[in-house]
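# A look at the structure
Spelled out from the first residue to the last, the chains are:
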Amino acid sequence: MERKWWQEEIVYQIYPKSFYDSNHDGIGDLNGIRKKLKYLKDLNVTMLWICPIFKSPMDDNGYDISDYFALAPEFGTMEDLKCLIDEAKEMGIKIILDLVINHTSDEHAWFQQAIANKDSKYRNYYIFKEGKEVPNNWRSIFGGSVWEKVEGEDTYYFHTFGKKQPDLNWENKEVREALYAMVNQWLEFGIAGFRVDAITFIKKDQSYASIEADGVDGLAKCTKTCRNQEGIKDFLLELKERCFDKYDCMSVAEAPGIAYDDLDDFISKDGFFSMIFDFKAADLDVASGSEWFKRLPWKISDLRTKLMEYQMAVQKIGWAANFIENHDQPRSTTKYLLAHERNKEAVKTLASMYLCLRGTPYIYQGQELGMVNFQRSRIEEFNDISSIDQYYRAMQEGCSKEEALHYINLRSRDNSRTPFPWNATRYGGFSEHTPWLSMSEEYPTINVEEQMQDEDSVLSFYKKILHFRQNSKYRECLIYGDIAFLESDEEIIAYERKTKKDCLQCFFNFSDQGKEETLLHASCKVVFQTQDKVEIKDKVLKLKPFQTVILKVEEQ
Ligand code: GLC
């Protein structure tokens, strides 16, 4: 593929509410991010994706925007944002923002006017259906019907996500025009691009007909009728042509459920986006990604297969967005390493395994410390609307209270949203005020200060491997090289990265046992490894438990 600047980025995702609180009100803010730019620079990241910072009642922590042109006062001012962008730029760090255009908050002026006056043009900015009965049996992502009754009227409005997140009517050209103008205004402001939220939901099945129920509530998942629907491509093409194409920007879309056969439209040279997030590997432990109480058994070989299918499909067409955590996912340590979540060596191997894949790596705040999931004991301790819904739905589907709590502890989005642990003091140095969400229990031992002083820590390792990817003589190969997966033991993930000049073979042992791999080439040199000196004898590579080894093939 033709080279693009965003292939060389290392993106760090910031959940602003929980990163660093500079004014001590218990909520992280933009000046907090500014104060920590040096930390991010030292980590070797080159771009920040900041989750929504716009004005919002925060029902879904900013993914419910009430004004696209104003910032949430708790995060700071436009001036603060400008300073952050400028200072980051001086340090060689770009910034992308989160673009939430499937829905707004119900407190957005458009929706307020739509509700206040039936005849207002803003009624057609959203999806309203008249009638005494609920229009159909579709279930929203955060639980219950997608329809909410308008007070005092026999009318319902539509929401894919929460009740306070009414969906915009993309069928209305005026809505689309207003959104494009807004997107362009932000690109003019000096950001490097967008992470595009929930974009595969913008087209609904226009029949709005009920479908076969898939739960005891008599409802059916709206992903079947509202995600990747026929006709969506016209909207996505228009968005790209009217906005992204006009700027040399980067766009990464949250796009679950896209068939690999369809990737061409999304990420080829003329695709709608620079890259997309795929969730098949991220959601390997739960049925269809959205039902946390339906746990799926899996093995490292399944993870390998999912990653391989994604990487190979993308390589034919474009560029991948590689991640193991984000603000909607539990901690990758607990999810992928299970009983070994606190084993530093296992955490390092998980990190290097995905950081050396072909694509742009995304690191979610706290991941670089090897943070683990929390254990909450009561539903009242959760903030995330999705966790609360999943708790009650699990019980509705026959789980006991204890089981329901167990499932949400494993999967809750709050796991990744706890305040960032900067040190071991009260509130982890995140704030001097009680934080908006309580800290996770392990912060006295897993925190930045502790790990900065330890050369062998997970944090020090992230710096090292990112430096290896960005600055070593293998940079070209690790960024642009082709990928091919190698046959290996069931508990090993192994792949090759290759350019005309170099060939690197990468081995990641996910077993708590030593393993042997027979090499295809006699002449290999170790160029990167974790733990002590790895042994290669008679073409046999002897890996220690949870070891990473990267070899350069000397003769191909
Ligand atoms: C995306 C976001 C998630 C949010 C939802 C609704 O999935 O990542 O956090 O709740 O969209 O905007």
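Let me sum up the structure you'll find in this document. These figures come from a predicted structure and were not determined experimentally.

One way to see where empty space is left: roll a probe the size of a water molecule over the atoms. Each pocket or cavity is described by its volume, and for the second largest pocket that value is around 410 Å³. For the lining of the second largest pocket, a count of residues per class yields 9 nonpolar, 5 polar and 7 charged.

Let us look at the packing of helix 5 (residues 173–189) against helix 7 (residues 232–242). Packing of helix 5 against helix 7 brings their axes to within 10 Å, and their N-to-C directions diverge by 40 degrees. For the crossing formed where helix 5 meets helix 7, the hand is right-handed. Here R176, E177, Y180 and N184 of helix 5 come into contact with helix 7, specifically with F235, E238, L239 and R242. Residues belonging to the contact of helix 5 with helix 7 are distributed by class as follows: 3 nonpolar, 1 polar and 4 charged.

Quick look at the side chain of Q229 now. Locating Q229 in the fold gives a position in the loop between helix 6 (223–226) and helix 7. Since its relative accessible area comes to 16%, Q229 is described here as buried. A polar contact of 3.3 Å, which involves the side chain of Q229, links it to the backbone oxygen of K224. There is a polar contact of 3.1 Å between the side chain of Q229 and the backbone oxygen of R227. Excluding its chain neighbours within four sequence positions, the residues that come into contact with Q229 are K203, K204, D205, T223 and K224.

This next bit is on the sheet that holds strand 9 (residues 155–158). As summarised here, the arrangement of the 3 strands in space is 6-9-8, forming an open sheet in which the pairing is antiparallel. Both edges of this open sheet fall to strand 6 (128–130) and strand 8 (147–149), since each of them pairs with a single strand only. Between one strand axis and the next, the sheet turns by 30 degrees as a mean value, whatever way the strands run. Here strand 8 pairs with strand 9 via 3 bridges, running antiparallel.

Inspection of every chain in the model, using the stated rule, returns 0 disulfides. Its sulfur unpaired, C249 is 8.7 Å from the next cysteine sulfur, which belongs to C243. A residue is classified by how much of its surface remains accessible, and C249, at 10% relative accessible area, is buried.

Strand-to-strand pairing in sheets goes through backbone hydrogen bonds, with the strands running parallel or antiparallel. The strand order across the open sheet built from 3 strands is 21-24-23, with neighbouring strands paired in antiparallel fashion. The open sheet terminates on both sides in strands that have one partner only, identified here as strand 21 (515–518) and strand 23 (535–537). Put simply, the sheet's adjacent strands are angled 25 degrees from each other on average, direction ignored. Inspection of the sheet shows strand 21 paired to strand 24 (residues 540–543) by 4 bridges, in the antiparallel sense.

Rules used throughout
By convention here, each chain's residues receive numbers from 1 onward along its written sequence. In keeping with the model being predicted, local features are shown solely for residues with a pLDDT of at least 70 and side-chain atom pairs are shown and tallied solely at 80 or more, while totals for entire chains, interfaces and linings include all residues. As a rule here, side-chain values come from all non-hydrogen atoms in the structure, and water together with hydrogens is ignored. Cavities and pockets were defined on a 1 Å grid built over protein atoms only: a cavity is a set of grid points that admits a 1.4 Å probe from which the probe cannot escape, a pocket is an open set flanked by protein on both sides within 12 Å along at least five of seven lines, and lining residues are those with an atom within 4 Å of any such point. Grid points are joined across faces, edges and corners, and a volume is the space filled by probe spheres set on the points. The nonpolar class holds Ala, Val, Leu, Ile, Met, Phe, Trp, Tyr, Cys and Pro. Asp, Glu, Lys and Arg form the charged class, and all remaining residues, Gly among them, are polar. Helix axes are fitted to C-alpha atoms over the stretch in contact, other axes to C-alpha atoms as well, and angles between N-to-C directions run from 0 to 180 degrees. By definition, any uninterrupted DSSP run of H or I lasting at least four residues is a helix, any uninterrupted run of E lasting at least two residues is a strand, and each is numbered from the N terminus. In this scheme the handedness of a crossing depends on how the near helix is turned from the far one: anticlockwise by less than a right angle means left-handed, clockwise means right-handed. In this analysis, two residues are considered to be in contact whenever any of their non-hydrogen atoms come within 4.5 Å of each other. With a 1.4 Å probe rolled over the protein chains alone, any residue whose accessible area is under 20% of its type maximum counts as buried; one over 50% counts as exposed, and the rest are partly exposed. The definition of a polar contact used here is a pair of N or O atoms within 3.5 Å, where within protein one atom must be able to donate a hydrogen and the other to accept one, and adjacent residues in sequence count solely through side-chain atom pairs. Each pair of strands is called paired provided DSSP finds at least two bridges between the two strands. For the purposes of this analysis, a disulfide is any pair of cysteine sulfur atoms at a distance within 2.5 Å.

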